[in-house]
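Topology and contacts: notes
Residue-level listing of the chains:
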There are 4 protein chains.
Amino acid sequence: MCRVVAVKSTTPIQLAHLLTRPRHSIINQAFDSRLRLDLRRPINGDGFGVGWYDSVVDEELGCHPCLFKSITPAWNNSNLNRIAEKTKSPLVFGHVRATTAGSLSQDNCHPWSYEKIMFMHNGGIAEFDKIKRKLQASLSDELFLVPQGNTDSEWAFALYLSKLPDVHAREFSPAVLRDAILETIQHLNELAREANITEPSLLNFFVTDGSTIVASRYISSKYDEAASLYFSSGTTFSEYAPGGHYRMSKSDKRENIIMVASEPLTFEKADWMEIKTNTLIVITPKARSHVTRRP
Amino acid sequence: MCRVVAVKSTTPIQLAHLLTRPRHSIINQAFDSRLRLDLRRPINGDGFGVGWYDSVVDEELGCHPCLFKSITPAWNNSNLNRIAEKTKSPLVFGHVRATTAGSLSQDNCHPWSYEKIMFMHNGGIAEFDKIKRKLQASLSDELFLVPQGNTDSEWAFALYLSKLPDVHAREFSPAVLRDAILETIQHLNELAREANITEPSLLNFFVTDGSTIVASRYISSKYDEAASLYFSSGTTFSEYAPGGHYRMSKSDKRENIIMVASEPLTFEKADWMEIKTNTLIVITPKARSHVTRRP
Amino acid sequence: MCRVVAVKSTTPIQLAHLLTRPRHSIINQAFDSRLRLDLRRPINGDGFGVGWYDSVVDEELGCHPCLFKSITPAWNNSNLNRIAEKTKSPLVFGHVRATTAGSLSQDNCHPWSYEKIMFMHNGGIAEFDKIKRKLQASLSDELFLVPQGNTDSEWAFALYLSKLPDVHAREFSPAVLRDAILETIQHLNELAREANITEPSLLNFFVTDGSTIVASRYISSKYDEAASLYFSSGTTFSEYAPGGHYRMSKSDKRENIIMVASEPLTFEKADWMEIKTNTLIVITPKARSHVTRRP
Amino acid sequence: MCRVVAVKSTTPIQLAHLLTRPRHSIINQAFDSRLRLDLRRPINGDGFGVGWYDSVVDEELGCHPCLFKSITPAWNNSNLNRIAEKTKSPLVFGHVRATTAGSLSQDNCHPWSYEKIMFMHNGGIAEFDKIKRKLQASLSDELFLVPQGNTDSEWAFALYLSKLPDVHAREFSPAVLRDAILETIQHLNELAREANITEPSLLNFFVTDGSTIVASRYISSKYDEAASLYFSSGTTFSEYAPGGHYRMSKSDKRENIIMVASEPLTFEKADWMEIKTNTLIVITPKARSHVTRRP
């Protein structure tokens, strides 16, 4: 199972504070992993990716996110260390891959982007080989050619794009982004049913247009728990003790910074709210509120 | 355009003599490149791959080839240098990639193998995006799942496998391997015709089962020349002067070693026979004779 | 021989305009290479590096440059493509490595930085193995531990740092940066003399503190030409025709953008002035003037 | 802390049985890691290396080992998987790196070789920066130039080579290989003493000439335990249950296969004998006996 984090901040935050400096970041995480479902293989192994949007909109640079991916380990990646020290962003996705689907290549590293939309997945589509052809057949010629790798997750991204009313739109409402997640899950469930797949799929999807973040915690089963998903928010996220000990401070009720992650990313577990199975969370452009809703 | 070489030798030959030591190997080649059609981008750039069969059949090790691929340059690859010094083989494929199709990943490096069959491609399928879906639709479920990368060439390999009467056969006759090449080319031509593609495809394919090699020099055009293909054979291939100067010696009429390559790989151009456009060459298991035939 | 470019611009310039979009950038360069001294090996092979300073000084992000390095080819590097599209900078160094010294690793890719100082080298120190120990012995304990790779160039960087009056200074005058280059060259010449090395060294060094750029064109020989070095300046550097055709425009006498490169980077050779052998060029913080001087 | 294994077998063994197929190989190991001293960072992270000698001596191929190294994770490395399936060897070293010393590069991956000698290290030299210069000063010009990376371990290898009476010898007796280990440890202890280093060094060294293996379990402290080291031997090492469950069989008293590893590599802990702290083990060319001795 992978490790993921999505962050929205009213003030651009240095990537180093999210990724490389905290002891308990998704990259350095070396502590309590009892929350993890899958102990079959070492974490931090199959590459990682980071995506972020600009702090200041610059017409020449465009509205799409920047992505940095690598197939060598994240915690010892000089490029990532340097870029994380030098970059601030109001909206960041990070993903550490540890999975059995797809070979080791940058093409297979999350997140992916298409124009303004960025997407990542924590989980897996059960017996994907059995539904791959039908999923592909449902895509337009444009979207069929989007995936460059060979993972279930990247095809789920193409499917997600196909559920947007207009993939080239200049703006997306939170409702549009959310509904496309719901339709993607529904479509995958139908494909599984048609193929008589009974093994449940783990569909924790994260999507953003640079303003809104939508994340699902979903499993296609009535009895099992989905892959874990946690939420935290506060006024600042900063180092309170040397050695990378970070904490979410809540000096008032404002949500200046909001994080959604596969695990609590600080030692204070109380600061992290578990998002319930088969629920989704929407972080609106103002980063001030959120709503959850059953898929 | 890529650089390729296929070698069959009655005595196992050290890979270093084919790949890393000769000044004019497909890897080190830095001399006369006037033969090259495509000067748009530097050679030696998009990764390379080497495949070889065992010198001695060992039941435990199986009959499939071993492959070594890398996305870092071949001439400065320590692993390749060491392995080439330490490995002997009677049948070797080498491929240096330089193309615009597909991203930089090991999955996209030639050659590919499936059980005993090994395959590589020099050229490109014109406007492949327009025929990708139909090509995939023609494949069995088993072969549809073979490709791991995103190149036209790897899908051509899957198509080739589909033309074999039994992809799991323990033995393949030269005629079977050759006919599957002809059917693959014919099928690609039909797909292009249906999609109204007029740009010609360059279809120099190389295939082997570890005993026979079949290579095509083909372009789907009546007016243009295919990508170059050369042939050389002799009693020994060895260094005649320090500094990696190699030569094909012909002390008698025996063909102990046979090479098919995208360019002459020695300074003595006279030792290299050009294979005519829209022809194919078959090197039989005994490495003693060859026949060519129009596709 | 490597390819290098150093750029200073009064307005921050998108890295893509310098590195990835121009047909004739140091990365894409596929045209007239008659200027190159060394044709022994393909260009673009042994990794590359890019370093740049922030557009806006942000106390939290510091004054040191950001570096991105890779051992896979530059022109097909997705991370570089994405970062170059998303980054603007007033001062950029780029380096494509093609050399025989040092193995293929990111540690061996130029440029290197230490606090505010960034450095790269085009050329080679003759018979470096014979002077390596003495060079190391001349370094302080701090600087002895700076190099992480195994190239002559990185040790030249450590030597350069040792020539600065205070490597931790917050500001460096152009004269200080320039004199340290002169002393570095002088020291290397002395080491060569002591070791009876007669083969000339090619010492085109590039150094900056984020404000001033100093570049040398030097060979330790009275008879040979140094590795080439060119200079161009103008009001804007932009694409005048589709397909990556860039030009330096000179609408007035202002030098808004200044480039120093191993080769002319546009088709209009007249826009490029050759810097004479055994000369150095200083680009001052205002990017408005330059001076040259014999080392 | 790293994971290491050294294997000597009277019959050449397929590398896959040692490295890639067993669930509990140093590469796949995902089970009881309570033996590990250092939980600060994920295992399997900083690259790996494998070295092996030929099954059959072939004059053309030489007597030195072949090495394969990579900075991407071992368990998802297609090249390693393919090579391990296709290679048999009577003497294999494997090393998975997880350390804080030295950057991520193939040059920094163990094992290293010089002519016939192969070497790897599990542990670390305390405060190496303080003794690096003196260590280097003790080396001949030839050996000073051997290291290509920047780790304490590779310099320990150069130091080891300097303790051999003749590094270019065609044969080495077990006593010569062993004494050089003892002198290396002694020399490192002296350097530490001179530099007033009190933190203990962990010096589990493994060395071989292709016939004899010598391994030390050593810590430069009277109170602490050295990094763990285990020993197992038997008639065959094979899979007794599907899913990579391997076992050492002991059908008679012969030691056909001998393993020395940082951890027990099978579930049957009783098959593994712990090697005492500050002891070394010698496996003689016949792989039939071993002796231990206090350093």
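Residues numbered from 1 in each chain as written. Chains lettered and ligands numbered in written order. Predicted model: local features only at pLDDT ≥ 70, side-chain atom pairs only at ≥ 80, totals over all residues. Heavy atoms only, no water.

Digging into the state of the cysteines
Inspection of every chain in the model, using the stated rule, returns zero disulfides over all chains. Of the cysteine sulfurs around C66 of chain C, a residue in no disulfide, the closest is that of C66 of chain A, at 11 Å. Judged by relative accessible area, C66 of chain C falls into the buried class, the value being 2%. Between C109 of chain D, a cysteine without a disulfide, and C2 of chain D, which holds the nearest cysteine sulfur, the sulfur-to-sulfur distance is 9.7 Å. (Disulfide = S-S within 2.5 Å. Buried < 20%, exposed > 50% of the residue type's maximum accessible area, 1.4 Å probe, protein only.)

So, the interface of chain B and chain A
Listed per partner, the contact involves 15 residues of chain B and 15 residues of chain A. Between chain B and chain A lies a buried interface of about 1400 Å² when both sides are counted; carbon and sulfur atoms form 43% of it. Applying the counting criterion to the chain B and chain A interface returns two salt bridges. For the interface between chain B and chain A, the tally reads ten residue pairs in polar contact (both at pLDDT 80 or more). Counting only elements with at least two residues in the side of chain B that touches chain A, the list comes to α3 (132–137) and α4 (141–144) of chain B. Looking at the side of chain B that touches chain A, its residues break down into four nonpolar, six polar and five charged. (Contact = heavy atoms within 4.5 Å. Buried area = accessible area lost by both parts, 1.4 Å probe. Salt bridge = Lys/Arg side-chain N within 4 Å of Asp/Glu carboxyl O. Polar contact = N/O pair within 3.5 Å; in protein donor to acceptor, adjacent residues only side chain to side chain. Helix = DSSP H or I, 4+ residues; strand = E, 2+ residues; numbered from the N terminus. Nonpolar A, V, L, I, M, F, W, Y, C, P; charged D, E, K, R; others polar.)

Here we look at the pattern of salt bridges
Within the structure shown, the criterion is met by 44 salt bridges over all chains. Two residues, K86 of chain A and D54 of chain C, come together in a salt bridge whose shortest N-O distance is 3.0 Å. With K86 of chain A in helix α2 (residues 78–86) and D54 of chain C in the loop between β2 (48–52) and β3 (66–70), this pair bridges two chains. Owing to a relative accessible area of 8%, K86 of chain A belongs among the buried residues under this scheme. Each of D58 and E60 of chain A together with K88 of chain C takes part in one network of salt bridges that share partners.

Describing the relation of the copies chain B and chain A
Between the two copies, chain B and chain A, the superposition gives an RMSD of 0.0 Å; the rotation angle is 180° and the shift along the axis is 0.0 Å. Put plainly, the chains are arranged around a two-fold axis. The residues that chain B uses at the interface reappear at the interface of chain A in 100% of cases, marking a shared surface. (Least-squares fit on C-alpha atoms with pLDDT ≥ 70 in both.)

Section: the packing of aromatic side chains
In total, this model carries 30 aromatic pairs over all chains according to the counting rule given. Centre to centre, the rings of F48 of chain A and F68 of chain A are 6.1 Å apart; their planes meet at 55°, and the pair counts as tilted. Of this pair, F48 of chain A sits in strand β2 (residues 48–52) while F68 of chain A sits in strand β3 (residues 66–70), placing them 20 residues apart in sequence. Judged by relative accessible area, which is 2%, F48 of chain A ranks as buried. With 5.2 Å between their ring centres and 25° between their planes, F119 of chain C and F157 of chain C make a pair best called stacked. Linking F119 of chain C in strand β6 (residues 117–124) with F157 of chain C in helix α5 (residues 152–163), this pair joins segments that are 38 residues apart in sequence. The pair formed by F119 of chain C and F157 of chain C is uniform in burial state, with each residue classed as buried. Taken together, the aromatic side chains of F48 and F68 of chain A together with F48 and F68 of chain C make up a single cluster linked through ring pairs. Sitting above the plane of the Y240 of chain D ring, R247 of chain D keeps its charged end 4.3 Å from the centroid. (Phe/Tyr/Trp six-rings, centres within 6.5 Å; stacked < 30°, edge-to-face > 60°. Lys NZ or Arg CZ within 6 Å of the ring centre and 35° of its normal.)

Comments concerning the pairing of β2 of chain C
Residue and element names in this part refer to chain C. Burial runs high along β2: five of the five residues are buried. Burial of β2 is two-sided: the residues F48, V50 and W52 facing one way and the residues G49 and G51 facing the other way are all buried. Alignment of β2 against β3, held across five bridges, turns out to be antiparallel. Note that in β3 the partner of W52 across the bridge is C66. Sheet topology places β2 next to strand β4 (residues 88–96); five bridges connect them, and they run antiparallel. Bridging across to β4, V50 finds its partner in G94. (Pairing = 2+ DSSP bridges.)

Some details on the sheet that holds strand β13 (residues 273–274) of chain D
All names here are of chain D. Here we have seven strands laid out as an open sheet, ordered β3-β2-β4-β1-β12-β9-β13, and antiparallel in their pairing. The open sheet is flanked by β3 (66–70) and β13, the only strands paired with a single partner. Sheet topology places strand β1 (residues 3–14) next to strand β4 (residues 88–96); eight bridges connect them, and they run antiparallel. Residue V7 lies in a different strand from β4, and its bridge partner there is V92.

Some points on the relation of the copies chain A and chain C
When chain A is fitted to chain C, the best match, at an RMSD of 0.0 Å, comes from turning it 180° and sliding it 0.0 Å along the axis. Same-surface contact between copies: 100% of interface residues of chain A are shared with the interface of chain C.

A closer look at the packing of helix α5 (residues 152–162) of chain B against helix α6 (residues 174–194) of chain B
The description of two packed helices rests on the angle between their axes and on the distance between the axes. All names here are of chain B. α6 packs onto α5 with a crossing angle of 125° between their chain directions and a minimal axis gap of 9 Å. When the axes of α5 and α6 are compared, the pair comes out oblique. The handedness of the crossing between α5 and α6 comes out as right-handed. From α5, A156, L159 and Y160 reach across to α6, where they touch L177, A180, I181, T184, H187 and L188. Residue composition of the contact of α5 with α6, by class: seven nonpolar, two polar and no charged. (Axes fitted to C-alpha atoms, helices over the stretch in contact; angles between N-to-C directions. Parallel < 35°, antiparallel > 145°, perpendicular 65-115°, else oblique. Left-handed = near helix turned anticlockwise from the far one by under 90°.)

Some words on the interface of chain A and chain C
Between chain A and chain C, the residue contacts involve 22 residues of the former and 23 residues of the latter. Interface area, chain A with chain C, both sides summed: about 1900 Å², of which 47% is carbon and sulfur. On the chain A side of the contact with chain C, L61, R82 and K86 of chain A bury the most area, a combined 34% of that side's loss. The tally of links from chain A across to chain C stands at six salt bridges. For the pair chain A and chain C, the number of links is 18 residue pairs in polar contact (both at pLDDT 80 or more). Sorting the residues of the side of chain A that touches chain C by element identifies β3 and α2 of chain A as the ones contributing at least two each. Broken down by element, the side of chain A that touches chain C gets its largest block of residues, five residues, from α2 of chain A. Among the residues making up the side of chain A that touches chain C, the classes are represented as seven nonpolar, seven polar and eight charged.

Focus on unusual backbone geometry
A cis geometry characterises the amide bond from H110 of chain A onward to P111 of chain A, with omega recorded as -15°. Here P111 of chain A is to be found in the loop between β4 (88–96) and β5 (112–114). One non-glycine residue, N196 of chain D, lies in positive phi territory at about 55°.

Let's talk about helix α2 (residues 78–86) of chain C
Taken together, the buried positions of α2 of chain C are occupied by N79, L80, I83, A84 and K86 of chain C. Looking at where α2 of chain C begins, the residue whose side-chain oxygen comes 3.2 Å from the main-chain nitrogen of N79 of chain C is N77 of chain C.

Observations concerning the environment of I258 of chain C
All names here are of chain C. Among the secondary structure elements, I258 is positioned in strand β12 (residues 257–261). I258 gets classed as buried once you look at its relative accessible area, which sits at 0%. Spatially, the C-alpha atoms of I258 and G234 are 6.8 Å apart, while their sequence positions differ by 24 residues.

What about the pairing of strand β14 (residues 279–283) of chain D?
All names here are of chain D. Among the five residues that make up β14, five are buried, leaving the element largely enclosed by the rest of the structure. Residues T279, I281 and I283 point to one face of β14 and L280 and V282 to the other, with burial holding for every one of them. The pairing of strand β8 (residues 213–217) with β14 spans five bridges and is antiparallel. Paired with S216 across the two strands is L280, which belongs to β14.

Description of the confidence of the model for chain A
Residues and elements named next belong to chain A. Across chain A, the average pLDDT comes to 90, with 91% of residues at or above 70. Contacts for the low-pLDDT stretch residues 30–42, under 50 throughout, to residues beyond four places or in other chains number 30 contacts. Among the prediction metrics, the complex's ipTM stands at 0.91, with pTM recorded as 0.93. (pLDDT = per-residue confidence, 0-100.)

Observations regarding helix α6 (residues 174–194) of chain A
All names here are of chain A. Taking 1.5 Å per residue as the helical rise, α6 with its 21 residues ought to reach 30 Å, and the 31 Å between its terminal C-alpha atoms agrees with that figure. Taken as a whole, α6 has its buried residues at L177, R178, A180, I181, L182, T184, I185, H187, L188, L191 and A192. Positive backbone phi, at 55°, marks N196, one or two positions downstream of α6. (Expected span 1.5 Å × (residues − 1).)

Quick notes on the environment of T208 of chain B
Residues and elements named next belong to chain B. Tracing the backbone shows T208 in strand β7 (residues 202–208). Residue class for T208 comes out buried when judged on its relative accessible area of 0%. Placed 204 residues apart in sequence, T208 and V4 show a C-alpha to C-alpha distance of 14 Å. In contact with T208, other than residues within four places in its own chain, are Y53, L91, F93, K116, I117, M118 and I213.

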